[in-house]
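What the coordinates show
What follows is the residue order along each chain.
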Amino acid sequence: GIGMDHFAEVPGIQDSTHFRFWLFTKDELKQTRKSLNQGAQERIKKMGNAGDSPSKFKPLNAKEERHMRLYFHNQLFAACARYRFPFDVTATVHTFWKRFYLSRSIMDFDPRLILPTIIYLATKAEETHINCEELARMYKMKDEWITKNEVPVMEGLNFQLKVYHAKRPIKDYVSRLRKNPSVPDGNLDKMEKLAQQLVLDSYFTDACLHYPPAQIALASLMIINRKEKTIDEQSLIESCTNTGGEKISAHEEKLKQRLDEVGRMLQKGEDLAKTWASEKKKKLNEAAAKIYVKKIKPCLDPLLNPSTEEYKKLEEENNAKKEAARMKKRKRRREEEEARERKLLGSDEPDDGQPFTIKRNKSFKPKPRPAAPPLPDLM
């Protein structure tokens, strides 16, 4: 196979949760989403059988859920552009969204609430400040709905918040290309910028769930180079992948096949970015989303939605149980302290509710005070 050492991967990525748990084949990804949709449909059917009218609950099929997931994901591109997030924050936002809805269904967690929560959580993960109240106002919701959804979102991400991006490998490849005297430095700066934009457009696809960051980075440079014609493609691949050890020629054919495969997905992302920006496409997507939202609204679990009365009631009950347990623990500690005091002061009798007094020891006889010494004769 193609050795990972040939690519400019971030050190330690092969041992990371990103590499071990969040890269899938196309079949694995398809099966995961299919199983998730089937599980949500079964839950909703049980709700219909529990007494309510079955016609009230109409779950989305896999295709409808995909369309709805993509529609709300597209809103993330608009939000990131509005806030002018840097590359790392934007990439983490999109990655969190894709990962969360690989373990949770849109019919379980309302995307209108999850979307701002993922933005807020991603900015925390990348150490970028954003005002939660301002974010809540933008989405016309209470800021507490965002903060209360943080833990459910992290649970959906398996608390694996470290995300590796293609930006760093792109920089590493460009630094390798600078050592090639036939490549002008000015052209490389332009290539780097265009490659980063191509990677951001790739989040319209599932590229980040299929390929490691370094492969996406090299494929993006290859696609941009074909447009800009900055350097011969063979020279680009050799400059970027030969690291002084084994020559890439031994894996050249497999490498080119992989880069072409990644490149096709990146170009698909670029095409989707252009069509999504069109007014006609936006109107069609918005009309379809309204239908889907109306369809899933009765299907959503109210206990997972901080804006519902059921959620608030459950939260109050849980808080009351926690307070009762806290008071019980406090009472036990107070009793233990009083018992230690009684033992220390000579009384092992339990507290009967009366004020605590020290009992007099009748057998106790104080020693007589010694006589005062005679006064000296001063005469």
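Each residue is numbered by its place in its chain's sequence as written, counting from 1. Given that this is a predicted model, residues contribute local features only at a pLDDT of at least 70 and side-chain atom pairs are listed and counted only at 80 or more, while totals for whole chains, interfaces and linings are drawn from all residues. Each side-chain value is derived from all of the structure's non-hydrogen atoms; neither hydrogens nor water enter the calculation.

**What about the nonpolar core?**
Of all hydrophobic cores here, the largest spans 45 residues; its most connected members are Ile 216 and Leu 236. Where helices and strands are cited, they refer to DSSP runs of H or I of at least four residues and of E of at least two residues respectively, numbered from the N terminus. When residues of this core are traced back to their parent elements, those giving at least two are helix 4 (87-103), helix 9 (167-178), helix 10 (185-201), helix 11 (207-210), helix 12 (213-228), helix 13 (233-241) and helix 14 (252-276). Here this core gets nine residues from one element, more than from any other, and that element is helix 12. Working rule for contacts: check all heavy atoms of both residues, and any pair within 4.5 Å makes them a contact. With residues near it in sequence (within four places) discarded, Ile 216 still touches Ala 166, Val 199, Ala 207, Cys 208, Tyr 211, Val 262 and Leu 266. In terms of nonpolar packing, the next biggest core, distinct from the first, is built from 44 residues, Phe 72, Cys 80, Ala 122 and Met 141 among them. In plain words, nonpolar cores are sets of buried Ala, Val, Leu, Ile, Met, Phe, Trp, Tyr and Cys residues tied together by side-chain atoms within 4.5 Å. Each residue's exposure class comes from its accessible area (1.4 Å probe, protein chains only) as a fraction of the maximum for that residue type: buried when under 20%, exposed when over 50%, partly exposed otherwise.

**Focus: the packing of helix 4 against helix 5 (residues 111-125)**
Angles run from 0 to 180 degrees between N-to-C directions of axes, and those axes are lines fitted to C-alpha atoms, restricted for helices to the stretch in contact. Two numbers describe how helix 4 lies on helix 5: the axes approach to 9 Å, and their chain directions differ by 135°. Classified by the angle their axes make, helix 4 and helix 5 are oblique. As helix 4 packs across helix 5, the resulting crossing turns out to be right-handed. Residues Val 89, Thr 92, Val 93, Phe 96, Trp 97, Phe 100 and Tyr 101 of helix 4 lie in contact with helix 5, whose contacting residues are Pro 111, Ile 114, Leu 115, Ile 118, Ile 119, Leu 121, Ala 122, Thr 123 and Ala 125. Gly falls in the polar group here, along with every residue not listed as nonpolar (Ala, Val, Leu, Ile, Met, Phe, Trp, Tyr, Cys, Pro) or charged (Asp, Glu, Lys, Arg). Broken down by class, the residue content of the contact of helix 4 with helix 5 amounts to 14 nonpolar, two polar and no charged. Each angle gets one of four labels, with under 35 degrees taken as roughly parallel, over 145 as roughly antiparallel, 65 to 115 as roughly perpendicular, and the rest as oblique. Here a crossing is taken to be left-handed if its near helix is turned anticlockwise relative to the far helix by less than a right angle, and right-handed if that turn runs clockwise.

**Remarks on the packing of aromatic side chains**
Aromatic rings from Phe, Tyr and Trp, with only the six-membered ring used for Trp, were paired whenever their centres fell within 6.5 Å, and each pair was classed as stacked if the ring planes differed by under 30 degrees, edge-to-face if by over 60, and tilted otherwise. Counted under the stated rule, the structure contains six aromatic pairs. Relative to Phe 85, the ring of Tyr 83 lies with its centre 5.3 Å away and its plane at 5°, an arrangement referred to as stacked. Like Phe 85, Tyr 83 is buried. For the pair Phe 100 and Tyr 101, a centre-to-centre distance of 5.0 Å together with 80° between the ring planes defines the contact as edge-to-face.

**Observations concerning the pattern of salt bridges**
What counts as a salt bridge is simple: a side-chain nitrogen of Lys or Arg found within 4 Å of a carboxyl oxygen of Asp or Glu. Considering all chains together, one arrives at 13 salt bridges under this definition. Across the salt bridge formed by Lys 124 and Glu 150, the nearest N and O atoms sit 2.9 Å from each other. Remark: Glu 150 occurs in helix 8 (residues 150-156) and Lys 124 occurs in helix 5; sequence separation between them is 26 residues. Salt bridges here are not isolated pairs; linked through shared partners, they connect Arg 33, Lys 98 and Asp 206.

**Overview of the confidence of the model for the protein**
Each residue carries a pLDDT score, the predictor's confidence in it, ranging from 0 to 100. Here the protein shows a mean pLDDT of 80. Residues at 70 or above account for 81%. Confidence, expressed as mean pLDDT per element, reaches its minimum in the protein at helix 15 (residues 279-296) with 71 and its maximum at helix 4 with 92. Here residues 1-6 scores under 50 on pLDDT; set against residues more than four positions off or in separate chains, the count is 21 contacts.

**A closer look at the environment of Ile 216**
Within the secondary structure, Ile 216 is located in helix 12. Counting along the chain gives 49 residues from Ile 216 to Lys 167, while the straight-line C-alpha distance between them is 9.6 Å.

**Some details on helix 5**
In this scheme, a helix's expected span is set at 1.5 Å multiplied by one less than its residue total. In a regular helix each residue adds 1.5 Å, so 15 residues correspond to 21 Å; helix 5 covers 20 Å between its end C-alpha atoms and thus fits that length. Here helix 5 lies mainly inside the structure; twelve of its 15 residues are buried. Those residues of helix 5 that sit buried are Pro 111, Leu 113, Ile 114, Leu 115, Pro 116, Thr 117, Ile 118, Ile 119, Tyr 120, Leu 121, Ala 122 and Thr 123. Taken together, the buried residues of helix 5 touch helix 3 (62-83), helix 4, helix 6 (132-138), helix 7 (143-148) and helix 8.

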